[in-house]
Every structure is written in structure tokens, then in C-alpha cells.
Amino acid sequence: MVAAAVAEVRLPNFFADNMVLQRDLPCPVWGEAIPGETVTVSFRGQTMSTQADDAGQWRITLAPTAAGTPFELKVAGAANTITIQNVAVGEVWVASGQSNMGWPLRLSNDAEKEIAASTFPGIRFFQAAKTVALTPQLNVKGEWKASAPAVSGDFSGVAYFFARHLHQKLGVPVGILQTEWGGTPAEAWTSAGALAADPALRQVFVDWANTLAAFPRENAKYPYKVKDFEQGKRKHRPSPPNGPDSPQMPIGLYNGMVAPFVTYAIRGAIWYQGENNAHNGRAELYRSLFPAMITDWRSAWKQGDFPFLFVQLANYGKVPALGQWPELRDAQKDTLSLANTGMAVIIDIGDPEDIHPKNKQDVGLRLALAARKIAYGEKLVYSGPLFRQAAREGNSMRVYFDEIGGGLTVKGGTLGGFEVAGADGKFVPAEARIDGGTVVASAPQVEKPERVRYAWANSPVATLFNREGLPASPFQSR
């Protein structure tokens, strides 16, 4: 926000009509005023005042309140009073990532039917405008919209189905802060401080500088409207663009599309991203980058280890040389070592021919199951089998799992996708069978197996599930 030139209180765009405040948590409200001006906030019987600081910034934290709607929130200064109407109190989640998070409801499976049935006044979306910034911003364009057929088609399909499930199960309003941008890497969504704090992550700045150096000065502006241009004797079109304010720039989207929301009271975040990092050769770096990003967000929000739920990459791409999808999935799985994280495995519902699978219903559902378990403490099976450890038994490898639910089961009749390797590290297809809560895998040509892996391909066929119908995560033992 730009400091006000007149004595009027101003608010970020997300403090507006139809907004959702987080229930049962302290809720900060903030904005701008003339330095020293007294600002008063009133909401549900609470009235609190403060003075704007020397920079014209002020902040008031409302005491926790129960879910409900509609309410008014009033913010008054010396020269004006802002009345925010139809405020709901319920559950607030940040929905972020790249294009699969942004993929709209209107392009998802059964879009016409889903949109026609999308009248839910208690589900509201704030869709942040796509914004790149060199420094952390205080505001972002956007407005709150209640779910209805006239507007829901542009909502994130994943976030909509996630919100609908929670709204129906919890019986409270659900607000989504949708902040995403297609084709973007995780480092763009991470703060400068977090990237600089880890020597391994500083490499992204070096790589970015090298990228910029490879492009002519006249093409260093965004949005790009350039045609093919000659670089030496080779034609090259920058796609996505690589200018100093490109969405691929490290820290750029954190500054423009995350920083404005920091400290807005939330229950947690859902995240669908990784395709970009799998393609750009940074799958191994993702093992450090992704948990660093999650920790960075949690530190900025100052709400402790709030639930952070993410989608593992779907099956996609029949060409084996296409990126590092198995390695990226493995890095995502390892991120579950962070407290209060959950992963929606969708290795069974992707599209080998389309990087944007249309089944967003099950993606949203699996994220919502994780939320019900991790954020709301319900006793339910929310995950498919997760690799715990493997041990050699004679000429076989026995694999142990967590999250087996009612037991392991095979989909499709044959338990496929397992491979074993000996000391040479060369994996070969293995025969596998379920033995209680474990899988035993072996191959005749590997007499002393040392490692085992499952679904280790860009687009594997998922065969291992638990009895609740949730697929096992791909894995590779070390």
C-alpha cells in the first residue's frame, strides 16, 4: 500500500465485504492512517483502539470468536469510517502453488454440473491478482466472492472441492485465500531471508542471474510480448518469460502474493506445485527448498506450525527422460518429516498425456481428508500407505508401511511397479506380494537385494492401495 495523503484510514483489499475471519483464533486487522492517528475497530461487541505508528501503519488484534455470519466490521479514523458487511467467521485456508492449483473449476471434470450446484453462500474466495515484487508488499488486488454459479467457474477447482467438503462436514463458513501462478518454482514463493539462510539454496540466485544474462536487455520486461528472436544462430522464445520481474524470479511471488497476507489469521495452507522444479532439474534441491519454504511461511505468520497440506505430483509423461518426476515426488514425501504436514497422493488419477489432470474432485477430497485429521483431529484414514523402511530377508526385500488403514490391497489384480537392486544399484522389475501389512519383493537375478522402490517412473501404474481406496506413495529406499 502507498501511504495515505489524506487523513483517511485505509485497509488492504482483503479486508472487505464478504470476507471470512478465522474462528477461535485471535484475528489481526491492520491498515494505514496518518501517523499518530487513532483508529478504532469494532466487531461482534469488541471495540479496540490504537494509534498509527510513524510510518502510518496500525494493527489491532480481535479476540477469538465462534463461527457465524453475517456480521459487520467497522474501522474508524478521524476522517472516515469503513463498514465491512456480510463478514463470516469460519475456517480460512491459503491455497497456493502453480497451474494445477489455479486450474479453474470450469475446466475440471463435470464442470457444467459442478458449477450449477455451486451455490454456497458460506464458501468465499479471495483470488489474489498475479503480482511480482522485488520487496514484500502490504497489499494485493482482489475481492471476496461468495460461491455461486455466476462466479465459481473461475475458482481453483482443487480449492473449491476442498472448501466444499470442509463446509459440508464442519458446518461452518470456509474462506479461501487463492494465491497461485502457473509455471512457477517453489523458490519464487520463498522469502529472500529463507533462501539466503541456507548455503545450498543460494544457488537459485546464481542461476537466476545467469538466466537474466542470457537474455537481451530489450526483452527484460514483463509481461512479455516478444516474438521469436535470434540468440546467436538459434531461435529461442522465452517461455515462461525470464525478465527481472518474471514470476520465476526467486522471492518475487512471496513478496507480491504471500507477504500481503502474512499474519491474516488462518487455519492452514494447501499447496499444489512441483512440476516446474521437476522440469528445471532441481528435484534434489527440492528436498531442502520445500521444507524451507514451509518453515518460512510458518515463521512469517507467527501462528506456530499451522497445518500445511500438499499434493504429490500426479502420474504424467510417458517419456522416461521427461524431467525428474519420481525424484520430486520422493522429495515431497520426505517433507512429511515436518510437523503438521499432510500429503495427498494422486499417482492414480493423473493423465499421462496432460500435465493438468481434470479430476480435481478427488484431489480436493484427499486434501480435505488430511485437513480433517491434521487440523481438526478427526479419527479417520486420510492417507494411503507411506514407506517406512525396508529390510532384506534372504533374497527378498520386505517393505514396511505407515498409514495402511484397514490393510494393504491390490488394484488391478496384479501387484506391479516394484523393483529391487543389489550392490550395483541397478534396479530390475520384481515380483511382489502382500504379506500382512508389508510387501515382499524379489527378482531372480538379484540374489542379495539391498534396495527396493515402487512406482518409480514419470507415469507409473498405481497398484498398491489401502482398503480405504487411497494409493500408496511412490518411494525408493536408500
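Reading the values: the criteria
- Residues numbered from 1 in each chain as written.
- Predicted model: local features only at pLDDT ≥ 70, side-chain atom pairs only at ≥ 80, totals over all residues.
- Heavy atoms only, no water.
- Buried < 20%, exposed > 50% of the residue type's maximum accessible area, 1.4 Å probe, protein only.
- Helix = DSSP H or I, 4+ residues; strand = E, 2+ residues; numbered from the N terminus.
- Contact = heavy atoms within 4.5 Å.
- Pairing = 2+ DSSP bridges.
- Salt bridge = Lys/Arg side-chain N within 4 Å of Asp/Glu carboxyl O.
- Phe/Tyr/Trp six-rings, centres within 6.5 Å; stacked < 30°, edge-to-face > 60°.
- Axes fitted to C-alpha atoms, helices over the stretch in contact; angles between N-to-C directions.
- Parallel < 35°, antiparallel > 145°, perpendicular 65-115°, else oblique.
- Left-handed = near helix turned anticlockwise from the far one by under 90°.
- Nonpolar A, V, L, I, M, F, W, Y, C, P; charged D, E, K, R; others polar.
- Core = buried A, V, L, I, M, F, W, Y, C linked by side-chain atoms within 4.5 Å.
- Polar contact = N/O pair within 3.5 Å; in protein donor to acceptor, adjacent residues only side chain to side chain.

Asker: Looking at this structure, I do not really get helix α9 (residues 325-334). What am I missing?
Answerer: Counting along an α-helix, one turn takes 3.6 residues, and residues three or four places apart therefore face a common direction. The element α9 is largely enclosed, with a buried count of eight among its ten residues. Residues of α9 that are buried include every one of Trp325, Pro326, Leu328, Arg329, Asp330, Ala331, Gln332 and Lys333, and no others. On its buried face, α9 is in contact with α7 (275-279), α8 (283-301), β14 (308-311), β15 (341-344) and β25 (475-476).

Asker: What's the story with the sheet that holds β25 in this structure? I'm lost.
Answerer: Sheet strands associate in pairs through backbone hydrogen bonding, adopting either a parallel or an antiparallel arrangement. An order of β20-β19-β23-β25 is seen for the four strands of this open sheet, with the pairing classed as antiparallel. The open sheet has two free edges, formed respectively by β20 (427-429) and β25, since each of these has just one partner strand. Pairing analysis gives two bridges linking strand β23 (residues 451-454) to β25, with the strands arranged antiparallel. When the bridges of β25 are listed, Tyr454 appears paired with Phe475.

Asker: Before we go on, may I ask you to explain the pairing of strand β16 (residues 386-393) in this structure?
Answerer: Put simply, side chains in a regular strand alternate between the two faces of the sheet. As paired elements, β16 and strand β17 (residues 396-402) share seven bridges and run antiparallel to each other. For Ala390, the partnering residue across the bridge sits in β17 and is Val399. Connecting β16 to the next strand, β17, in antiparallel fashion are two residues, including Gly394 with a positive phi near 65°.

Asker: Could you clarify how one ought to interpret the pattern of salt bridges in this entry?
Answerer: Pairing is possible between side chains of opposite charge, provided their charged atoms come close. Tallying each qualifying case throughout the model produces 23 salt bridges. Note that Glu91 is salt-bridged to Arg23, the shortest N-O span being 2.5 Å. Of this pair, Glu91 sits in strand β7 (residues 81-97) while Arg23 is found in the loop between β1 (20-22) and β2 (27-32), placing the two residues 68 residues apart along the sequence. Take Arg23: its relative accessible area is 17%, and that puts it in the buried class. It is possible to trace a salt-bridge network through shared partners that takes in Glu284, Arg287, Asp330, Lys333, Asp334 and Arg478.

Asker: Got a minute to help me understand the packing of aromatic side chains in this structure?
Answerer: For any pair of aromatic rings, geometry is given as the distance between the ring centres together with the angle between the planes. One pass over the full model with this rule turns up 30 aromatic pairs. For the pair Phe387 and Phe475, a centre-to-centre distance of 4.5 Å together with 10° between the ring planes defines the contact as stacked. Taken together, the positions of Phe387 in strand β16 and Phe475 in strand β25 put the pair 88 residues apart, joining distant regions of the chain. By the burial criterion, Phe387 is buried, and Phe475 matches it.

Asker: I keep staring at the packing of α8 against α9 and nothing clicks. Help me out?
Answerer: Relative orientation and spacing of two packed helices are given, respectively, by the angle between their axes and the distance between those axes. Where α8 meets α9, the axes come as close as 8 Å, and the angle between the chain directions of the two elements is 20°. Judged on the interaxial angle alone, α9 and α8 are roughly parallel. α9 is crossed by α8, and the crossing has right-handed handedness. Each of Ala283, Tyr286 and Arg287 in α8 lies in contact with α9, whose residues at this interface are Glu327, Leu328, Asp330, Ala331, Gln332 and Asp334. Looking at the contact of α8 with α9 residue by residue, the class counts come to four nonpolar, one polar and four charged.

Asker: I would appreciate a short explanation of the environment of Ile34 in the present structure.
Answerer: The residue Ile34 is located in the loop between β2 and β3 (38-43) in this model. Residue class for Ile34 comes out partly exposed when judged on its relative accessible area of 29%. A C-alpha to C-alpha distance of 9.3 Å links Ile34 and Gly77, two positions 43 residues apart in sequence.

Asker: I would appreciate a short explanation of the packing of helix α3 (residues 157-170) against helix α10 (residues 360-374) in the present structure.
Answerer: For the pair α3 and α10, interaxial distance at closest approach is 7 Å and the crossing angle is 50°. Here α10 runs oblique to α3, going by the angle between their axes. The handedness of the crossing between α3 and α10 is right-handed. The segment α3 lies against α10, with Gly157, Val158, Phe161, Phe162, His165, Leu166 and Lys169 engaging Lys360, Gln361, Val363, Gly364, Leu365, Leu367, Ala368, Ala371 and Arg372. Across the contact of α3 with α10, the residue classes break down as nine nonpolar, four polar and three charged.

Asker: When you look at the nonpolar core in this model, what are you seeing that I'm missing?
Answerer: Taken as a class, soluble globular proteins show a tendency for nonpolar side chains to be buried jointly. With 101 residues, the main nonpolar core has Tyr264, Trp297 and Phe418 as its most contacted residues. Tallying contributions element by element places α8 first for this core, with eleven residues. In this structure Phe418 touches Val428, Pro429, Ala430, Ala432, Val439, Ala441, Val452, Arg453, Tyr454, Leu464 and Phe475, once residues within four positions along its chain are discounted.

Asker: It is not clear to me how the sheet that holds β16 should be interpreted in this structure. Could you clarify?
Answerer: One open sheet holds the four strands; their spatial order is β16-β17-β22-β21, and the pairing between them is antiparallel. Looking at strand neighbours, the two that pair on one side only are β16 and β21 (431-435), the edges of this open sheet. Across the sheet, the mean angle separating the axes of adjacent strands is 25° when strand polarity is ignored. The pairing of β17 with strand β22 (residues 438-442) spans five bridges and is classified as antiparallel.

Asker: Sorry if this is basic, but what is going on with the side chain of Asn277 here?
Answerer: Along the chain, the position of Asn277 falls in helix α7. Reaching out from Asn277, the side chain makes a polar contact with the backbone nitrogen of Ala186 at a distance of 3.0 Å.

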